[in-house]
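# Structural overview for review
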Amino acid sequence: MTRTERISQLLDALCNGIPERESYIQLGFLATVAGAPLYIYGRPGSGKSLIANRLAAAQKNPRILKVGRRQQNFPDKVSDFDIIIFQSFNSTDDDTKENIHTAIYDRNNAALILTGDQRPETALNNIDVADHIVLSMSLPESLSPKALCSLLQDQSKLNEPKIPEGLTLTQEELLQWFKEIKDITLSEETLAVIAKIAEICDKHDIYVPIHKWIALTNIMKTIAFFNGRTETRFTDTFFLGTPIWGKSNANAAISGNFNNIVQTVLLKDVAETLNTPYDADAINSKVKHLLHRSNNLYETRTFNNEACLYYRITIAGEITPLYVPLRYIETEEDFNPYNELKRIEPRVRCNYHGTPNCSISIDPSVKGAGLRGSSMQSSSSSAKFEDYAKLPTYVIRENDPDIIAKKKASIEELKKETDLQLEKQTQLLLAIRDMYRANKAYRNDLFCNTEIFDKLQDNLREVFEKVSAIAAKVKETSALFNEIK
């Protein structure tokens, strides 16, 4: 039996009979093996003591120190114990505070578990140990109906678990493993996730002492160790995205950003491309326009730093100039022209409908006062415009040689850009696909948080679909060049 198989079976035995608490037992187990102090919070009856006892049952014949809420003699030498449990401790009692501090500083490698019914930010701050407790686990107040019925059906499972011979951990093993875990390497991806979380902490004024970061990375190394690896991977950081941080603001800030952090780290090599996705629709529109537009030379004026077609319309007895960028001629899209103030005029809408003739519609609100006499407010896309005029465009020369040459040059440039983007988008698709496929095997890792994992894979699939849509549009654009004779 491999070590991974053994730990998997041990966890199954520890979790047996405690439905919907498996993830808490797994995380608590990691904390005890890594020597990270743990606080288990929950209302009376939520299973705090049950989980603490199950964690103790993972070890073979451990020397356990249990300290209850009531006063009792506290030993002078806590290092003689393998597990120290403060059950439902009183955070306002000075003696309890002193005893917990003694346990924190003098325990050597002993596992330290605190349980209580006060929220972590209250209980741990009262005894000044918030910075020393590495993990805070808040248990749900209730079970689902299905889990409750399962528990009630066989209540005997709530007793001490029956751990098969050979699964429990000896103190000699734990000590040896603790040394080997120290030699596990932190991967670049793991360190990148930690760095991103540290940025979130700085941004939200969340204090995490260095020794706590060290303890958290030891838990990551422990996960890698029990999976038979010598280096951590990004999935080993998933517990950081759960509410373990002791304060509600820290839990919200880190958990809320965690999935995006991991995705950013995984896609770091293509982040720039994903953050500014290629506008495939724009180049498709440009190519279609160039391919289907005539070679006529139109009379234009330079206005607002671009070639524009000039029109004059009369509204409410007032002649008003309009300037239409040449790039819209013979297209099918609605647009707003420039007014004489060099601003977009939202009360006028134009469309060439693929011809040289400009169809003009106006907002009915300007019919009485004209464009100059009424205040200019942006009309919403759903506003009703009334057809007003259809104006021709003056052609200076048909099939102009210069226009033909410019179109040819522009088409060549757009073809180069399209070919380049087709290659880029294809490579990007393959990279995301390969990452998604490679990740699938990690879901079966011991201690992998499948909820976070599945959400991450869903996000990668969404990214793939967005890039796939861009690639499809670029491919469609590439096919347009086949129309050139």
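A few points on the structure. None of the values given here were measured: they were computed from a predicted structure.

### A word on the overall build of the chain
Scanning the chain from terminus to terminus reveals 15 helices and 13 strands. A globule of 485 residues ought to have a C-alpha radius of gyration of about 23 Å, yet the chain, at 34 Å, is considerably larger. Across the chain, contacts joining residues at least 24 apart in sequence account for 71% of those joining residues at least 6 apart. For the chain, the accessible surface area stands at approximately 25400 Å², while carbon and sulfur atoms represent 47% of it. A gap of 3 Å separates the mean positions of the 59 positive and 64 negative side-chain charges of the chain.

### Topic: the packing of helix 1 (residues 3–15) against helix 7 (residues 171–182)
Contact pair helix 1 / helix 7: the axes reach a minimum separation of 15 Å and the direction vectors enclose 120°. In this view, helix 1 runs oblique relative to helix 7, as classed from their interaxial angle. For helix 1 against helix 7, the interelement crossing comes out left-handed. Residues R3, R6 and I7 of helix 1 touch helix 7, and the partners they reach there are E173, W177 and E180. A class-by-class count of the residues in the contact of helix 1 with helix 7 yields two nonpolar, no polar and four charged.

### Quick notes on helix 4 (residues 94–106)
For helix 4, which comprises 13 residues, the first-to-last C-alpha distance of 18 Å matches the rise-based estimate of 18 Å (1.5 Å per residue) to within 8%. Contacts made by the buried residues of helix 4 are with strand 3 (83–86) and strand 4 (111–116). With a side-chain oxygen positioned 3.3 Å from the backbone nitrogen of D95, the residue opening helix 4 is D93. Positive backbone phi, approximately 60°, marks N108, located one or two places after helix 4.

### Notes on the pattern of salt bridges
Counted by the stated rule, this structure contains 19 salt bridges. Each of the salt bridges in this network shares a partner with another, and the network as a whole consists of R229, R233, D236 and D445.

### Side note on the sheet that holds strand 9 (residues 318–325)
In space, the three strands of this open sheet follow the order 7-8-9, with antiparallel pairing throughout. Each of the sheet's edge strands pairs with one partner strand only, and the pair in question is strand 7 (301–303) and strand 9. Within the sheet, the average angular offset between the axes of one strand and its neighbour, ignoring direction, is 55°. Both strand 8 (residues 306–315) and strand 9 contribute to a ladder of eight bridges, which runs antiparallel. Within the sheet, the bridge partner assigned to I315 lies in strand 9 and is E318.

### Details of the packing of aromatic side chains
Summed over all chains, the structure comprises 17 aromatic pairs. For the pair Y39 and F89, a centre-to-centre distance of 5.8 Å together with 65° between the ring planes defines the contact as edge-to-face. Taken together, the positions of Y39 in strand 1 (residues 38–41) and F89 in the loop between strand 3 and helix 4 put the pair 50 residues apart, joining distant regions of the chain. One exposure class covers both Y39 and F89, and it is buried. With a centroid separation of 3.7 Å and 5° between ring planes, the pair formed by F303 and Y323 is classed as stacked. Remark: Y323 occurs in strand 9 and F303 occurs in strand 7; sequence separation between them is 20 residues. The pair F303 / Y323 is uniform in exposure class, with both members buried. Following the ring pairs from residue to residue traces out a cluster consisting of F29, W177, F225, F226 and F447. For the cation-ring pair, R3 lies above F225, with the distance from its terminal atom to the ring centre recorded as 3.7 Å. The ring of Y442 is capped by R233, whose NZ or CZ atom sits 3.9 Å from the centre of that ring.

### Remarks on helix 2 (residues 22–34)
Between the first and last C-alpha of helix 2 there are 18 Å, a value that for 13 residues agrees with the 18 Å anticipated at 1.5 Å per step. Most of helix 2 is tucked away: 10 of the 13 residues are buried. Among the residues making up helix 2, those that are buried are Y24, I25, L27, G28, F29, L30, A31, T32, V33 and A34.

### Considering the environment of P140
Position of P140 among the secondary structure elements: in the loop between strand 5 (135–138) and helix 6 (145–153). With relative accessibility at 29%, the residue P140 sits in the partly exposed group. C-alpha of P140 to C-alpha of I113: the two residues are 27 residues apart in sequence and 18 Å apart in space. In this structure P140 touches R21, Y24 and S46, once residues within four positions along its chain are discounted.

### Concerning the nonpolar core
Residues I7, F29, L135, I197, F226, F239 and W245 are the most contacted members of the largest nonpolar core, which totals 85 residues. Considering every element that reaches this core, the biggest residue donor is helix 9 (residues 210–226), with nine residues. The residues contacting W245, other than those within four sequence positions of it, are I197, V208, K212, W213, L216, L240, A250, N251 and I254. In this structure, V67, F74, V78 and I100 belong to the second largest nonpolar core, which totals 21 residues.

About the criteria used
All residue numbers refer to positions counted from 1 along the written sequence of the respective chain. With pLDDT at 70 or above as the cut-off, local features in this predicted model cover only qualifying residues; side-chain atom pairs require 80 or more to be listed or tallied, and sums for whole chains, interfaces and linings still use all residues. Just so you know, side-chain values use all the structure's heavy atoms and leave hydrogens and water out. The numbering of helices and of strands both runs from the N terminus, where a helix is a DSSP run of H or I of at least 4 residues and a strand a run of E of at least 2. For a compact globule the rule gives 2.2 Å times the number of residues to the power 0.38, and the radius of gyration it is set against comes from C-alpha atoms. Here a residue-residue contact requires only that any non-hydrogen atoms of the pair lie within 4.5 Å. Here the Shrake-Rupley method, with its probe set to 1.4 Å, supplies the accessible areas, and only the displayed protein chains count as covering residues. Only four residue types enter the tally: Lys and Arg on the positive side, Asp and Glu on the negative side; His and the chain ends are excluded. The atom standing in for a charge is NZ when the residue is Lys, CZ when it is Arg, CG when it is Asp and CD when it is Glu. Here the axes come from fitting lines to C-alpha atoms, over the contacting stretch only for helices, and the angles between their N-to-C directions go from 0 to 180 degrees. Just so you know how the angles are binned, under 35 degrees is roughly parallel, over 145 roughly antiparallel, 65 to 115 roughly perpendicular, and the rest oblique. Each helix crossing is assigned a hand: it is left-handed if the near helix lies turned anticlockwise from the far helix by less than a right angle, otherwise right-handed if that turn is clockwise. Note that Gly is not counted as nonpolar here; it falls among the polar residues with everything else outside the nonpolar set of Ala, Val, Leu, Ile, Met, Phe, Trp, Tyr, Cys and Pro and the charged set of Asp, Glu, Lys and Arg. Every helix has an expected span of 1.5 Å times one less than the residues it contains. We call two N or O atoms a polar contact when they sit within 3.5 Å, provided that within protein one can donate a hydrogen and the other can accept it, with sequence-adjacent residues counted only if both atoms are side-chain atoms. Put simply, a salt bridge is a Lys or Arg side-chain nitrogen that is within 4 Å of an Asp or Glu carboxyl oxygen. Paired strands, as defined in this entry, are two strands with at least two bridges between them according to DSSP. Between the rings of Phe, Tyr and Trp (Trp by its six-membered ring), a pair exists once the centres lie within 6.5 Å; its type follows the angle of the planes, with under 30 degrees stacked, over 60 edge-to-face, and the other angles tilted. For every residue, the accessible area obtained with a 1.4 Å probe (protein chains only) is divided by the maximum for its type, and the residue is called buried under 20%, exposed over 50%, and partly exposed between those limits. In this scheme, the term charge over a ring applies when either NZ of a lysine or CZ of an arginine sits within 6 Å of the ring centre and within 35 degrees of the ring normal. Definition used in this section: a nonpolar core is a set of buried Ala, Val, Leu, Ile, Met, Phe, Trp, Tyr and Cys residues joined via side-chain atoms within 4.5 Å.

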